[in-house]
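Notes for the structure review
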Amino acid sequence: MTSVKMPQLGESITEGTISRWLKQPGDQVKKYEGLVEVITDKVNAEVPAPLAGVLREIRVKEGTTVTVGTEIAIIEESVAAAAVPSPPPSSKETGELQAAFNTPTAAEPEPAVEQSNAGRTRLSPAVRALIEEHRISDAELMGITGSGIAGRISKKDIEDFVAKRAQPATANGEQRPTAAPSATPAPTPGTTIPLSPMRRAIATNMLKSKQTIPHAWTVAEVDMTNVVRFRQKAKDSFKLREGIDLTFVPIMVKAVVEGLKAVPVLNASWSEQGVVLHKDINIGVAVSVEDGLIVPVVHQADRMSISGLAKAIDDLAKRARAGKLGIPDVQGGTFTVNNPGTFGTILSYSIIAPPQVGILAMDAIVKRPVVVDGDAIAVRSMMNLCLSFDHRVLDGVSAARFLQGVRRWLEGFSEQVPLY
Amino acid sequence: MAVKTVIEAIREGMDEEMARDPSVFLIGEDVGNRGGVFLASDGLFKKYGELRVIDSPLAESCIVGVAIGAAVNGMRPIAEIQFADFIAPAMNQIVEEAARFCYRTAGDFNLPMVIRAPWGGGVHGALYHSQSIEATFAHIPGLKVVAPGTPADAKGLLKAAIRDPDPVLYLEHKRTYRLVKGEVPDGDWVVPIGKADVKREGKDLSLIAYGLMLTYCLEVATKLAATGISAEVLDLRTIKPIDQAAIVATARKTGKVLVVHEDNRFAGIAAEVMAIIMENAFDALDAPVMRLTGPDVPAMPFNHVLEEAFMPNVEKILVKAKELAAY
């Protein structure tokens, strides 16, 4: 007998929700065959069986959230697979072994938390009607992956689920809960929005960042007039040719890459042994989604053209909003670019995503009267670049040099800068 | 069945009704020897003579006024307004007199008359030859408003309008005249007023339209099918009395509805269709009901780029429909 544990589906992920069991007790499973679907705060993933055998027991029900390392199922090795006689370790030993590998900072596994779906997304009237008609429980609903915008559960998702559920009952013979009669509502002072896995993860990471990283903050003002003019000129033909919008973000990421090349200490991580300078430049781009924020990563951004960056970012943002990011998409970032300016902000103090040491916010581009060469006053498109950095790793001089590099690149922008 | 254009179907409809019923006659600007500015009545003057195909002065209030008087006296006039944009001078006759006549006389008199009006844009007609007037007139109780989009419906609804006991505003989209071709059933083909028509079955979302936009929506549905989205297309055909049952049925079927018209947005037909859906199919909706319409600007511009910007087209409808499908 081998126990299957909730795997760690990425750095900084501490818990996962069982979305759907793909196998039922008594089923044969092949090694690496999909065993269970797990939802984490970042991605949905299929967990493969660690070995061939027969699924003996499911320990965690669908819809339940457990911490990484919790036993979720038991598989009995098939005779063929277990042909090599080796004394099986006692379950106690196995437990200790596993514990040694999974040394989460939390000393004890948290009790399983039932997740409510209520705060996750809006349900349309059609979906609500179907839920009532087919008596779909909260736990079942939690297990349904929405295919609509921002993961919204659509009518079709429910219909597909009902069609699947209508297939022969499962072996564990669990009774479907019937809708409970609604109790008389007690007067309450307010509403509690249940914490989604994403909300919980954001809370943990932000707290950890602010408690461990001494943030310093600095702002540079950039004249974006050249970039704005260029984009205005190029965007229609770009859209026609590439099928996606040419936004300021890929241009900014390009500028940041140039800045990081000049000041590598911002493309680094803090460790007690020393500052680790990264070889790759992997830029995280913050994408707001319903109920939170996710930061997919453009890997090896230093090897991409502006057009390549535009495509990569567009693809990541679309998949982020559709809830279709894979684990590699959210891992390995070495620096983050945030774009609150789209919402009109002019000064943003972003929180660093550990183990990175810097995050750059692009604020709104606003036309302002500016004194230019020869003491004339001109109308220019101005933008603030706000950098939060880890003061353990670098000082204000390096931060300023980085911002200067980014600024010079942007202000020197011309039609000679290649898009491809 | 023979394939015909919209304009041929209209001409044929008038011809057949005039042959069938001697009380039917046509009055309008240049409808006689000239055959109408779009040749809708081409040949009818020769066939039926100047007493039944009457060239009017350039005075729309006169055209409609004469039609009202004739209808009261037992005739079945077809009053042609050369362009729907020119209907304003006849507003008083239509709204104050024609629409109310039955009500005012407690049902003693009906006005069996048709007002034909070529409407709509996309033909570089600019400010005075492009407007959509359906919402303005659909607001008036006592008037029926039809807006066919295919040759078969154009003919069938025209014949129904001529035979109807009440005043019917018959809108013929100029751009469809020669653009849209289709089979028209042989024989005495009549399409009942007040019945919408599912022109294409689908299950993921519904497109509701009429007139030229119907043709565009059908094209969009074909493009959507290629991406795996099954769109139903409901042709309203009659704007008033509107076919509530058909609207509710398609909304209930798909749960996602996009209404398209080129008339201005504010208080347009889409607003009414959306209200009907909200009142009758709320519990079946899977997405907010959406609309794609012309903008709220005073008239269709002449500048071709601006005209294109004003008009809903296949590309714009496709984008909106995809947005709805992804919701």
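None of these values were measured; they are calculated from a predicted model.

Procedures and definitions
- Residues numbered from 1 in each chain as written.
- Chains lettered and ligands numbered in written order.
- Predicted model: local features only at pLDDT ≥ 70, side-chain atom pairs only at ≥ 80, totals over all residues.
- Helix = DSSP H or I, 4+ residues; strand = E, 2+ residues; numbered from the N terminus.
- Buried ≥ 20, exposed ≤ 12 C-beta atoms within 10 Å, placed from the backbone.
- Contact = placed C-beta atoms within 7 Å.
- Nonpolar A, V, L, I, M, F, W, Y, C, P; charged D, E, K, R; others polar.
- Pairing = 2+ DSSP bridges.
- Axes fitted to C-alpha atoms, helices over the stretch in contact; angles between N-to-C directions.
- Parallel < 35°, antiparallel > 145°, perpendicular 65-115°, else oblique.
- Left-handed = near helix turned anticlockwise from the far one by under 90°.
- Expected span 1.5 Å × (residues − 1).
- Arc of directions from axis to C-beta.
- pLDDT = per-residue confidence, 0-100.
- Core = buried A, V, L, I, M, F, W, Y, C linked by C-beta atoms within 7 Å.
- Right-handed = clockwise from strand over helix to strand, strands pointing away.

This paragraph deals with the overall build of chain B. Assigned secondary structure in chain B consists of 13 helices and 14 strands. Here chain B, with 327 residues, has 53% of them falling under the buried criterion. For chain B, the share of sequence-separated contacts (at least 6 apart) that also reach a separation of at least 24 residues comes to 79%.

Another aspect to go through is the interface of chain A and chain B. With 10 residues of chain A at the interface, the matching set in chain B holds nine residues. The element contributing the most residues to the side of chain A that touches chain B is helix α2 (residues 125-133) of chain A, with four residues. Of the residues that constitute the side of chain A that touches chain B, the class distribution is five nonpolar, three polar and two charged.

Residues and elements named next belong to chain B. Judged by pairing direction, the sheet is mixed, and its five strands sit side by side in the order β9-β11-β10-β13-β14 without closing on themselves. Of all the strands in the sheet, just β9 (197-200) and β14 (290-294) have a single pairing partner and so form its edges. Taking each pair of neighbouring strands and ignoring which way they run, the sheet shows an average axis angle of 25 degrees. In this structure, strand β10 (residues 205-209) lies alongside strand β11 (residues 231-235), joined through five bridges in parallel fashion. Across the sheet, residue Ala 209 finds its bridge partner in β11, namely Asp 235. Together, β9, β10, β11 and β13 (257-264) form the strand contacts of helix α9 (residues 212-226), whose direction differs from that of β11 by roughly 170 degrees. Docked against the sheet, helix α10 (residues 244-254) engages β9, β10, β11 and β13, running at close to 175 degrees with respect to β11.

All names here are of chain B. Within the open sheet, the seven strands sit side by side as β3-β2-β4-β5-β7-β6-β12. Their pairing is mixed. Either end of the sheet is taken by a strand with one partner, and the two such strands are β3 (53-55) and β12 (238-240). For this sheet the average axis-to-axis angle between neighbouring strands, irrespective of direction, equals 20 degrees. Strand direction decides the pairing type here: strand β6 (residues 144-146) and β12, joined by two bridges, are antiparallel. Counted as the bridge partner of Val 145 is Lys 240 from β12. Strands in contact with helix α3 (residues 60-72) are β2 (24-28), β4 (76-80) and β5 (114-119); relative to β4, the strand with the most contacts, it is inclined by about 175 degrees.

Here we come to the packing of α9 of chain B against helix α13 (residues 314-326) of chain B. All names here are of chain B. Their axes nearest at 9 Å, the elements α9 and α13 cross at an angle of 55 degrees. One element, α9, and the other, α13, form an angle in the oblique class. Every pair of crossing elements has a handedness; the one defined by α9 and α13 is right-handed. Contacts from Tyr 216, Cys 217, Glu 219, Val 220, Lys 223 and Leu 224 of α9 reach α13 at Val 314, Ile 317, Leu 318 and Ala 321. Class assignment of the residues belonging to the contact of α9 with α13 gives a composition of eight nonpolar, no polar and two charged.

Turning our eyes to something else, we now look at α3 of chain B. Residue and element names in this part refer to chain B. Taking 1.5 Å of rise per residue, 13 residues should cover 18 Å, and α3 covers 18 Å from first to last C-alpha, within 8% of that figure. Every buried residue belonging to α3 is among Glu 60, Ile 63, Val 64, Ala 67, Ile 68, Ala 70 and Ala 71, and all of these are buried. Down the axis of α3, the buried side of the element spans an arc of 170 degrees, and every buried residue falls inside it. Buried-residue contacts for α3 involve β2, β4, α4 (91-97) and β5.

Attention now moves to the environment of Leu 324 of chain B. As for its placement among the helices and strands, Leu 324 of chain B is situated in helix α13. In contact with Leu 324 of chain B, other than residues within four places in its own chain, are Leu 205, Lys 256, Leu 258, Ala 287 and Met 290 of chain B.

Take the confidence of the model for chain A next. In the predicted model, chain A carries a mean pLDDT of 83, and 84% of its residues have values of at least 70. Counting contacts from residues 81-119 of chain A, a segment whose pLDDT is below 50, to residues more than four positions away or on other chains yields 40 contacts.

Ranked by size, the top nonpolar core spans 113 residues in total, and within it Ala 79, Ile 115, Val 146, Ala 161, Leu 207, Cys 217 and Ala 321 of chain B carry the most contacts. With 80 residues, the next largest nonpolar core counts Val 4, Val 60, Leu 246 and Val 393 of chain A among its residues.

Once that is clear, we can look at the pairing of β13 of chain B. Residues and elements named next belong to chain B. Burial of β13 is extensive: seven of the eight residues sit out of reach of the surface. By the bridge criterion, five bridges tie β13 to β14 in an arrangement that is parallel. Bridge pairing in β14 links Val 260 to Leu 292. The β-α-β motif built from β13, the intervening helix α11 (residues 269-281) and the parallel element β14 has right-handed crossover chirality.

Another point: unusual backbone geometry. Cis geometry marks the peptide bond from Pro 354 of chain A to Pro 355 of chain A; its omega dihedral reads 5 degrees. On the secondary structure map, Pro 355 of chain A appears in the loop between β17 (335-338) and β18 (358-362). The residue after Lys 240 of chain B, namely Pro 241 of chain B, is reached through a cis peptide bond having omega 0 degrees. Note on placement: Pro 241 of chain B falls in the loop between β12 and α10. Here the phi dihedral of Tyr 32 of chain A falls at roughly 75 degrees; this positive angle occurs in a residue that is not glycine. As for its position among the elements, Tyr 32 of chain A is in the loop between β3 (28-29) and β4 (34-39).

All names here are of chain A. Between the first and last C-alpha of helix α7 (residues 248-262) there are 21 Å, a value that for 15 residues agrees with the 21 Å anticipated at 1.5 Å per step. Across the 15 residues that make up α7, a large majority, 11, are buried. Inspection of α7 places Val 249, Pro 250, Ile 251, Met 252, Val 253, Lys 254, Ala 255, Val 256, Val 257, Gly 259 and Leu 260 among the buried residues, and these make up the whole buried set.

A few words now on the environment of Lys 61 of chain A. Tracing the backbone through its elements, the reader meets Lys 61 of chain A in the loop between β6 (53-58) and β7 (64-67). Take Lys 61 of chain A: there are 15 C-beta atoms within 10 Å of it, and that puts it in the partly exposed class.

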